[in-house]
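Residue-level structure breakdown
These are the residues of each chain, in order.
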Amino acid sequence: MTLETTKTHIVHGGTLRYLKHDSATTGTPMTLSVFVPGGEGPFPVLIWLSGLTCTEDNFTTKAGAYQAAAEHGVIIVAPDTSPRGLDLKGGSVADDPAYDLGQGAGFYLDATQAPWAAHFRMETYVTGELIDLIDAQFPTTGARSISGHSMGGHGALTLALNHPDLFRSVSAFAPICSPTRCPWGEKAFTAYLGEERAAWDRHDAAKRIEAGAAQGVYDDILIDQGDADSFLTDQLKPELLQAAADAAGQKVTIRMQPGYDHSYFFMTSFIADHVAFHAKRLKA
């Protein structure tokens, strides 16, 4: 598989590349960015999953993560949030005024319903093809962790819980904690997975934690959430994640940050803490 470099920048002594490739998983071109610290390596990897409407560029340009990544010697990989360029009913932001379905809204799962199933296979893409590409073409140690924001926080949590052999640690900013119990998740899961709600539970972090999926795997899960986030009450519901952790006896650190909203200003304020959290576990 060939990765084509479209742009390169030097930042904090490391190299940031924007890349694209033809994905065998999605059947479409996929884009991503990869930051590699200075030095020979090898380095552990932190995969970052972005939220609704985002591409690989939002985190790359706005989160301010690369100084901490350079200091800790961590590669950061930021893939796009969905396949692109598809002529599907409801398959583009323009076709869906609510922005929360289709391109830019892959929800990091493998769709089972038409017309999405042929291309919207983000779980397999991230946990299979993307990891294989990065390990084959960059100086990695083979150790990796995962983090994300909002829809990407949901993705980070559920992929870590469903693929514990792949990740040393997991964290999230303002994640959709229980998508089976919020409007964003109900809309997306109905479209991608169908009406049978039993099939949804595997992609609900609160339900997976309550079922014990994190026990004996993750010593802690770090969550940052702004208390001025306009999506907090209706969509994100961190109290459901905390209740699930309490029921399962699983340590989850949910830090409610006073005055912070859902934006990248929130993320850039605390991203260094998350990089350090993962670096400690990646190098243990």
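Refer to the structure presented above.
Residues numbered from 1 in each chain as written. Predicted model: local features only at pLDDT ≥ 70, side-chain atom pairs only at ≥ 80, totals over all residues. Heavy atoms only, no water.

This part is about helix α9 (residues 264-282). For α9, the principal kink sits at F270 and spans about 50°. Among all positions in α9, only Y264, F266, M267, F270, I271, H274, V275, F277, H278, A279, R281 and L282 are buried. Sitting at the amino-terminal end of α9 is S263, which places a side-chain oxygen 3.2 Å from the backbone nitrogen of F265. (Bend = angle between axes of the 7 residues up to and from the residue. Helix = DSSP H or I, 4+ residues; strand = E, 2+ residues; numbered from the N terminus. Buried < 20%, exposed > 50% of the residue type's maximum accessible area, 1.4 Å probe, protein only. Polar contact = N/O pair within 3.5 Å; in protein donor to acceptor, adjacent residues only side chain to side chain.)

Here we come to the side chain of T127. Counting through the fold element by element, T127 comes out in helix α3 (residues 122-137). There is a polar contact of 2.7 Å between the side chain of T127 and the backbone oxygen of E123. If near-sequence neighbours (up to four positions away) are discounted, T127 is found in contact with L159, H163 and L166. (Contact = heavy atoms within 4.5 Å.)

If you trace the three strands from one edge of the open sheet to the other, you get β7-β8-β9, paired in parallel fashion. Each edge of the open sheet is held by one strand with a lone partner, namely β7 (171-173) and β9 (253-257). Geometrically, the sheet is characterised by an average inter-axis angle of 15° between neighbouring strands, direction not taken into account. The sheet contact formed by β7 and strand β8 (residues 222-226) spans three bridges and is parallel. Each residue of the ladder has a partner; that of F173, found in β8, is D224. (Pairing = 2+ DSSP bridges. Axes fitted to C-alpha atoms, helices over the stretch in contact; angles between N-to-C directions.)

In this fold, Y125 is placed in helix α3. By relative accessible area, which is 0% here, Y125 ends up buried. A C-alpha to C-alpha distance of 32 Å links Y125 and M256, two positions 131 residues apart in sequence. Those residues within four positions of Y125 in sequence are excluded, and the remaining contacts are H21, S23, T25, T26, M30, L32, P79 and L130.

Our next topic: the sheet that holds strand β2 (residues 14-22). Strand order in the open sheet formed by six strands is β1-β2-β3-β5-β4-β6, and the pairing between neighbours is mixed. Two strands bound the open sheet, and with one partner strand each, they are β1 (4-11) and β6 (140-148). For this sheet the average axis-to-axis angle between neighbouring strands, irrespective of direction, equals 20°. Packed on one face of the sheet, helix α4 (residues 151-162) meets β4 (43-49) and β6 and runs near 130° to β6. Of the strands in this sheet, β4 and β6 are in contact with α9, which crosses β6 at around 145°.

Looking now at the packing of aromatic side chains. What the rule picks out here adds up to 14 aromatic pairs. Centroid distance W116 to F120: 5.1 Å. Interplanar angle 75°. Geometry classified as edge-to-face. Take W116: its relative accessible area is 4%, and that puts it in the buried class. Plain terms: the ring middles of F173 and F266 are 5.5 Å apart, the flat faces sit at 80° to each other, and that makes the pair edge-to-face. Placement of F173 in strand β7 and of F266 in helix α9 is noted, with a sequence separation of 93 residues between them. Judged by its relative accessible area of 0%, F266 is buried. The positively charged end of R281 is found above the aromatic ring belonging to F277, 3.9 Å away from the centroid. (Phe/Tyr/Trp six-rings, centres within 6.5 Å; stacked < 30°, edge-to-face > 60°. Lys NZ or Arg CZ within 6 Å of the ring centre and 35° of its normal.)

The next point concerns helix α5 (residues 183-193). Every buried residue belonging to α5 is among W184, G185, A188, F189, A191, Y192 and L193, and all of these are buried. The buried residues of α5 occupy an angular sector of 165° when the element is viewed end-on, so they sit on one face. At its buried positions, α5 is contacted by α4 and α7 (232-236). At the exit of α5 stands G194, carrying a positive phi of roughly 100°. (Arc of directions from axis to C-beta.)

Glancing now at the pattern of salt bridges. Applying the stated criterion to the full structure yields 10 salt bridges. Measuring nitrogen to oxygen at the nearest pair gives 2.9 Å for the salt bridge that ties D135 to R144. A salt bridge links R255 to D224, with the nearest nitrogen and oxygen atoms 2.8 Å apart. One end of the pair, R255, is in strand β9; the other, D224, is in strand β8, with 31 residues separating them in the sequence. Residue R255 is classed as partly exposed on the basis of its relative accessible area, which comes to 26%. Overall, the relative accessible area of 0% leaves D224 in the buried class. Where salt bridges share partners, they join D224, R255 and D273 into one cluster. (Salt bridge = Lys/Arg side-chain N within 4 Å of Asp/Glu carboxyl O.)

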